[in-house]
Amino acid sequence: MTATIAFLGTGSMNGSIAAGLLAAGHDPAHIRATVRSEESRAALAERLGDKVEIITTGGEADGNHKATAHADVVLLGVKPYGIVELARDIAPALAPNAVVVSVAAGVTLETLAACLPAGQPIVRCMPNTPSSVGKGVLAISTTDTVKDEQKKLVEEVLGTVGLVVEVREDQMDAVTAVSGSGPAYAFLLAEAMAAAGEKLGLDADTALKLASATVAGAGFLL
């Protein structure tokens, strides 16, 4: 894959996907990332290496425009309340065939389409936190303007951090309930098991190790 991938707002989720791409062998020269501060830039450079172009925006549009120009896939990774503003800001810099991917919860394809040029290919993604360790579930919905080869490219990018599943957009709330929130329930189960182990006489460290490994192992077995 030689596509150019731009990450706008490279925090936890976008940072995990970028790291997954690099681990999969993607050329770092074809990855661009934006952050708001020099502190974030230094932290991201330590994570991704010095061959990835990291642009500090300071909240201004110019840096995001630079990262967006000529990109094949543009991933929007800012907080949900900032997605609309970011989409409007980058609209003039987008190539007509660039696929815009939003990983923001609750922001619909219709909302995104209203902020971007007519006909722009758009993908909405609902990832979950295990994506940060390459074991995520990432559900996607697409506009009719996304071509098969573009969807395949997006699936390849997102697939570096987990399982990609396509659903209708009206099923995204159900996805959020199952895989989006699901890890928290697994964590709660492990905590409850560890607490029970302590009550039965195990020391806290051993109980937590047993519970964590059991929940993780059960997931693989399932």
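Residues numbered from 1 in each chain as written. Predicted model: local features only at pLDDT ≥ 70, side-chain atom pairs only at ≥ 80, totals over all residues. Heavy atoms only, no water.

Peer 1: Looking at this model, I keep getting lost on the nonpolar core. Mind explaining?
Peer 2: Generally speaking, soluble globular proteins have nonpolar side chains that are buried together. With 29 residues, the main nonpolar core has Ile5, Phe7, Ile17, Leu75, Val101 and Leu158 as its most contacted residues. Aside from chain neighbours lying at most four places away, what touches Ile17 is Phe7, Leu75, Val103, Val157, Leu158, Thr160 and Val161. Within the second largest apolar cluster, 22 residues are counted, among which are Ala67, Val74, Leu94 and Ile122. (Core = buried A, V, L, I, M, F, W, Y, C linked by side-chain atoms within 4.5 Å. Buried < 20%, exposed > 50% of the residue type's maximum accessible area, 1.4 Å probe, protein only. Contact = heavy atoms within 4.5 Å.)

Peer 1: Teacher, can you tell me more about the state of the cysteines here?
Peer 2: Working definition of a disulfide: a covalent bond connecting the sulfur atoms of two cysteines. Taken as a whole and assessed by the stated rule, the structure comprises 0 disulfides. Here Cys125 is not disulfide-linked; the sulfur of Cys115 is the nearest cysteine sulfur, at 18 Å. What makes Cys125 buried here is its relative accessible area of 1%. (Disulfide = S-S within 2.5 Å.)

Peer 1: Explain unusual backbone geometry to me, please; I cannot follow it from the model alone.
Peer 2: In this model, His70 sits at a positive phi of 65 degrees, which is unusual for a non-glycine residue. Looking at the element boundaries, His70 is found in the loop between α3 (61-68) and β4 (73-76). Residue His70 is classed as exposed on the basis of its relative accessible area, which comes to 68%. (Helix = DSSP H or I, 4+ residues; strand = E, 2+ residues; numbered from the N terminus.)

Peer 1: Explain helix α7 (residues 172-180) here, please?
Peer 2: One turn of the α-helix equals 3.6 residues, which is why residues spaced by three or four share an orientation. When α7 is considered as a whole, its buried residues turn out to be Met172, Val175 and Ser179. Within α7, the buried residues cover an arc of 50 degrees as seen down the axis, which keeps them to one side. Summarising the geometry of α7, the exposed residues directed more than 90 degrees from the buried face are Asp173, Ala177 and Val178. Those residues of α7 hidden inside the fold are in contact with β6 (122-126), β7 (136-142) and α8 (182-199). (Arc of directions from axis to C-beta.)

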